[in-house]
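# Architecture at a glance
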Amino acid sequence: VKSFSCPPGFYCKGGAEQARMCPKGSNCPQGSSEPLACPEGRFCLVAGHPISCNSDDRLKGTQCMPDNDDNKTVLPVPCPAGSYCEDGIALEC
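Let us look at the structure shown here. Fair warning: this is a prediction, and the values are worked out from it, not measured in the lab.

## Here's the deal with the overall build of the chain
If you tally the helices and strands in the chain, you get zero helices and 10 strands. Helices and strands in the chain line up, N terminus first, as β-β-β-β-β-β-β-β-β-β. Residues counted as buried form 29% of the 93 residues belonging to the chain. Taking all contacts inside the chain whose residues are at least 6 apart in sequence as the whole, residues at least 24 apart take part in 24%. As displayed, the chain has an accessible area near 6,100 Å², and 52% of this comes from carbon and sulfur atoms.

## Structural notes on the state of the cysteines
Under the defined criterion, the tally for this structure stands at four disulfides. Each disulfide pairs two cysteine sulfurs, and for cysteine 6 the partner residue is cysteine 12, the sulfurs being separated by 2.1 Å. Disulfide cysteine 6 to cysteine 12: torsion about the S-S bond roughly 80 degrees, handedness right-handed. Both residues of the pair, cysteine 6 and cysteine 12, count as buried. Sulfur of cysteine 93: no disulfide; nearest cysteine sulfur belongs to cysteine 79 and is 7.7 Å away.

## Let's talk about a nonpolar patch on the surface
Together, Leu45, Val46 and Leu75 make up a nonpolar patch on the protein surface, roughly 270 Å² of accessible area in all. Its place among the elements puts leucine 75 in strand β8 (residues 73-78).

## Describing the pairing of strand β10 (residues 89-92)
Inspection of the sheet shows strand β9 (residues 83-86) paired to β10 by four bridges, in the antiparallel sense. Of the residues in β10, the one forming a bridge with glutamate 86 is isoleucine 89. Between β9 and β10, which pair antiparallel and follow one another directly, the connecting turn spans two residues, one of which, aspartate 87, has a positive phi of 55 degrees.

## As for the environment of cysteine 38
Structurally, cysteine 38 can be placed in the loop between β4 (36-37) and β5 (42-43). Taking the C-alpha atoms as reference points, cysteine 38 and lysine 24, 14 residues apart in sequence, are found 9.8 Å from one another.

## Re the side chain of serine 32
The residue serine 32 is located in the loop between β3 (26-27) and β4 in this model. Relative accessible area serves as the criterion here: at 8%, serine 32 is assigned to the buried category. At 2.6 Å, the side chain of serine 32 forms a polar contact with the backbone oxygen of proline 29. Setting aside its immediate chain neighbours within four residues, serine 32 contacts Cys6, Phe10, Tyr11 and Cys12.

Criteria and thresholds
- Residues numbered from 1 in each chain as written.
- Predicted model: local features only at pLDDT ≥ 70, side-chain atom pairs only at ≥ 80, totals over all residues.
- Heavy atoms only, no water.
- Helix = DSSP H or I, 4+ residues; strand = E, 2+ residues; numbered from the N terminus.
- Buried < 20%, exposed > 50% of the residue type's maximum accessible area, 1.4 Å probe, protein only.
- Contact = heavy atoms within 4.5 Å.
- Areas by Shrake-Rupley, 256 points an atom, 1.4 Å probe, with all protein chains shown as cover.
- Disulfide = S-S within 2.5 Å.
- Patch = residues over 30% accessible without salt bridge, like charges linked within 9 Å, V, L, I, M, F, W, Y side chains within 5 Å.
- Salt bridge = Lys/Arg side-chain N within 4 Å of Asp/Glu carboxyl O.
- Pairing = 2+ DSSP bridges.
- Polar contact = N/O pair within 3.5 Å; in protein donor to acceptor, adjacent residues only side chain to side chain.

As structure tokens, then:
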């Protein structure tokens, strides 16, 4: 019997070999049986590849906020007034 590991960006329910695409804002690393929440301080624009809000200088000063449509972390937004952002998380000053 050949072993099957679900590829990154997909999940395989119940160990089934039929891979399903990871939904918007979720994280599906290799071997996922269910979609996982995007890790805090990251955004999941590309399934299976969480990106840190501080991954480069263009994203510094941003936080990762849930999308209003489905409450999944999708895109970084500017850090709110009266706070600072570290590793994609807003902290009070």
